[in-house]
Protein chains: 2
Amino acid sequence: MHAAIAIKERIATGKVGKALIIGGGFIGLEMAEALTDMWGIETTVVEITSQILPGIISKNMAKMAQDHMEENGVSFFLKERVERLEGENKVTRVFTNKRTIETDLVIVSVGIEPNSELADKAGLKISESGAIVVNKKMQTSDPDIYAGGDVVEVNNLITGKPGYYPLGSMANRQGRIIGTNLAGGNDEFPGAVGSFVVKLFDISVSAVGLSIDTAHKEGFDAVSAMVAQFDRAHFYPEKDLMYLELVVERKTEKVLGIQGIGNKGDGTTGRINAVAAILPYQPTLHEISNLELAYSPPFSSAMDILNALGNTAENLLDEKNRVLDVDEFAELWKQKHDGEVVFLDCRGWGNAKPFVKRYPEKWQSLPQDQLLTRIDEVPKNKRIILICNTGVRSYEAQITLDQQGIRNTANLQGGMACVKKWGMDI
Amino acid sequence: MHAAIAIKERIATGKVGKALIIGGGFIGLEMAEALTDMWGIETTVVEITSQILPGIISKNMAKMAQDHMEENGVSFFLKERVERLEGENKVTRVFTNKRTIETDLVIVSVGIEPNSELADKAGLKISESGAIVVNKKMQTSDPDIYAGGDVVEVNNLITGKPGYYPLGSMANRQGRIIGTNLAGGNDEFPGAVGSFVVKLFDISVSAVGLSIDTAHKEGFDAVSAMVAQFDRAHFYPEKDLMYLELVVERKTEKVLGIQGIGNKGDGTTGRINAVAAILPYQPTLHEISNLELAYSPPFSSAMDILNALGNTAENLLDEKNRVLDVDEFAELWKQKHDGEVVFLDCRGWGNAKPFVKRYPEKWQSLPQDQLLTRIDEVPKNKRIILICNTGVRSYEAQITLDQQGIRNTANLQGGMACVKKWGMDI
């Protein structure tokens, strides 16, 4: 709190024109939003890994969030390490391994460490990561001493390993468990699934469980499915596209995690929370496809995006839906194609036209509902990237082409909506 | 659709100044909103039972929703039966068992019946309620014929009995199951928990599972707990009170249902959906108290309202929290008290003052944090109704008084926020 007051005082007295934030985790991003949006400060975030929110959301989701923040005036230097801070009385220059940045303020937000010194001195059991070890009753290694909140680690219900979750919500719930036990009751903290949400300007980013990268690191044979869909009925006047990514273990179809980006309302977090609620029960895709979310056009589609995500992941595991992720699309787009790849636009001519005009050598229009009657126009001998607005019609096109024996196709996950949100302009 | 077009045409040509809606279910209420809000029509709803949304939400929640609609210009006649419609070419007069209502338009929305005539003639098994009977694969009594949507009944996962859920979302999910099975796959529809949401002007009303009345009708020994709390951190600028009611089986602590009222955003429905997601797993209160919803101040409190609701219900079952519902409060308020009841206001003096001035004979101020030092002022020999803004401080006061041996207290559930939302002005 002392640091927060000091920061605010320095800003309020007009001493900060430029700020530098070290670390693109959620504290760093929230600070970047506050400095830019509330105070109009030219803010730069330096992050050592190749994405913001590393370990929490996939690189494609992270790119979408980063693009939104850039549009709102925040600058990012990724894969860059801060090596030295310089200045008299206060830091004025920051040296990374790539550049020197002039700044009026530096905020270090590179992670949280449990403050377990007292517990350690008292002889309580401390984990390798420095957190106090507790059992389900929140008892430390001394059964007369309880601990909770930012100082303990608890069981991750997906990996089965200890995890560290320094969140006020955890502390509050653990506090009640401890209170009950201290008062002679018998209550247990079940463990954590790692739910998370952050507001960044006009969007919210939320997640629970494992991201695709974390799942791979944890040794899961996992895949992820991405869906872009309206957050409510397509005919309802106030609606926004929402982007959800589901991480699933291939063999068991067990749900490992979900991440979402949507507007700053509660719709995205609501979907993440529905999955967070069932994650302790180890649901499979079938449970996601059949979640009975309350339906009415002002709140959801008849086939809610969460159900559609479950269906899409099922199709993916069945290999009916063979996909190209947006970063793979961007990579492919940059490469030179000597006519061996064609981007087949399955939308109506009006949507496809500007792309066909601009890229006649590789972009072709063939609306999904005309595929069968115009099947001769399909470039059978090329690699075909199927494209539509959100990935639904291109998936239907893939099914139709499969039935015609044309299987060298890939469906762009999340469609052009995803490409645009990702910050790619073609 | 023909009826909808006819209604719109008649309204658009200026022929409708007054409308009457028969039935206060969700179609009736959505029509009342549309007629009033979009077209400025003087609209009246006649409902045969004693509340709107009967069987879906509790009478107190229904009263809150009704009060909001009344504030927006809709009139209601409850406990009233329409007996006759009269007019030439079109209905102009409606006779109920209590009055005659002049009107330019009548909309009948008294429930939906499955259109199972064809199936019946074809010899398929039809239930007592007239719906087609299907198994989990969505097969009718003829295994080569499948059925889904508004024409079938499916298993209610809470009561274990068949239920009828004519919703587009059900139809969509069942459609996929049927498609999979027709194509040689093997998929099952798990049954329904009965989730529901409706937008009414500026609020949303959502529910899943059983309301307290339905739970009693189904033979459950059930209680309900009501919580009023901000939908996000109390210090976040944009926030609203949310009202949730949880229905629990007393002995087993099994969750039977939840209902909510909040603003028209997605926050309330998000909480209902989190419970809808776990209801098939037959959760107990412990699961509600420990739900790990994504936390960040723009989206929730550190102790989210849903966790607080679980805690409140636990306290209620433990008889630590002995409550008075808002309708019981209203009833008690109307009665003459010869000094045997006192309303003890546990808020600060500023909040209590206007009530003490107006009702000095029965309203007393005693802030919760001064209870112990001013314990002599507690009117021990009277029935004490403990009051605060949302029911939290009054609960704490109840605990404190219990410890002092003063147990003739009742805590007003949801506090003055609930009284106001309910439409009571004292």
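Rules of the game
- Residues numbered from 1 in each chain as written.
- Chains lettered and ligands numbered in written order.
- Predicted model: local features only at pLDDT ≥ 70, side-chain atom pairs only at ≥ 80, totals over all residues.
- Pairing = 2+ DSSP bridges.
- Helix = DSSP H or I, 4+ residues; strand = E, 2+ residues; numbered from the N terminus.
- Contact = placed C-beta atoms within 7 Å.
- Nonpolar A, V, L, I, M, F, W, Y, C, P; charged D, E, K, R; others polar.
- pLDDT = per-residue confidence, 0-100.
- Axes fitted to C-alpha atoms, helices over the stretch in contact; angles between N-to-C directions.

**What to know about the sheet that holds strand E17 (residues 341-345) of chain A**
All names here are of chain A.
Next, step 1: The sheet built from 5 strands is open, its strands ordered E16-E20-E19-E17-E18 with parallel pairing. Edge positions in the sheet fall to strand E16 (323-324) and strand E18 (363-365), since each of these pairs with one other strand and no more.
Next, step 2: Two strands pair when backbone bridges link them, and E17 and E18 are joined in this way by 3 bridges, in the parallel orientation. The partner of aspartate 345 across the bridge, within E18, is serine 365.

**A short note on the interface of chain A and chain B**
Next, step 1: On the side of chain B, 42 residues touch chain A, which itself brings 42 residues to the contact.
Next, step 2: Looking at the side of chain A that touches chain B, the elements that each hand over two or more residues are helix H5 (168-182), strand E11 (196-200), strand E12 (203-209), helix H7 (267-278) and helix H9 (305-317) of chain A.
Next, step 3: It is H7 of chain A that provides the largest number of residues to the side of chain A that touches chain B, a total of 9 residues.
Next, step 4: Looking at the side of chain A that touches chain B residue by residue, the classes come out as 22 nonpolar, 14 polar and 6 charged.

**Thoughts on the confidence of the model for chain A**
Next, step 1: Taken residue by residue, chain A gives an average pLDDT of 96. The fraction at 70 or more is 100%.
Next, step 2: Both scores are given for the predicted complex: the pTM is 0.96, the ipTM 0.95.

**Side note on the sheet that holds strand E1 (residues 18-22) of chain B**
Residue and element names in this part refer to chain B.
Next, step 1: With parallel pairing, the 4 strands of this open sheet are ordered in space as E3-E2-E1-E7. Looking at strand neighbours, the two that pair on one side only are strand E3 (75-77) and strand E7 (105-108), the edges of this open sheet. This sheet shows a mean twist of 20° between the axes of neighbouring strands, independent of strand direction.

**Considering the pairing of strand E5 (residues 93-96) of chain A**
All names here are of chain A.
Next, step 1: In this structure, strand E4 (residues 82-86) lies alongside E5, joined through 4 bridges in antiparallel fashion. Pairing of valine 82 across the sheet is with threonine 96, part of E5.
Next, step 2: Counted between consecutive antiparallel strands, the loop separating E4 from E5 contains 6 residues, among which glycine 87 sits at a positive phi close to 155°.
Next, step 3: Alignment of E5 against strand E6 (residues 100-102), held across 3 bridges, turns out to be antiparallel. Bridging across to E6, arginine 93 finds its partner in glutamate 102.
Next, step 4: A loop of 3 residues connects E5 with E6, the two strands running antiparallel in sequence.

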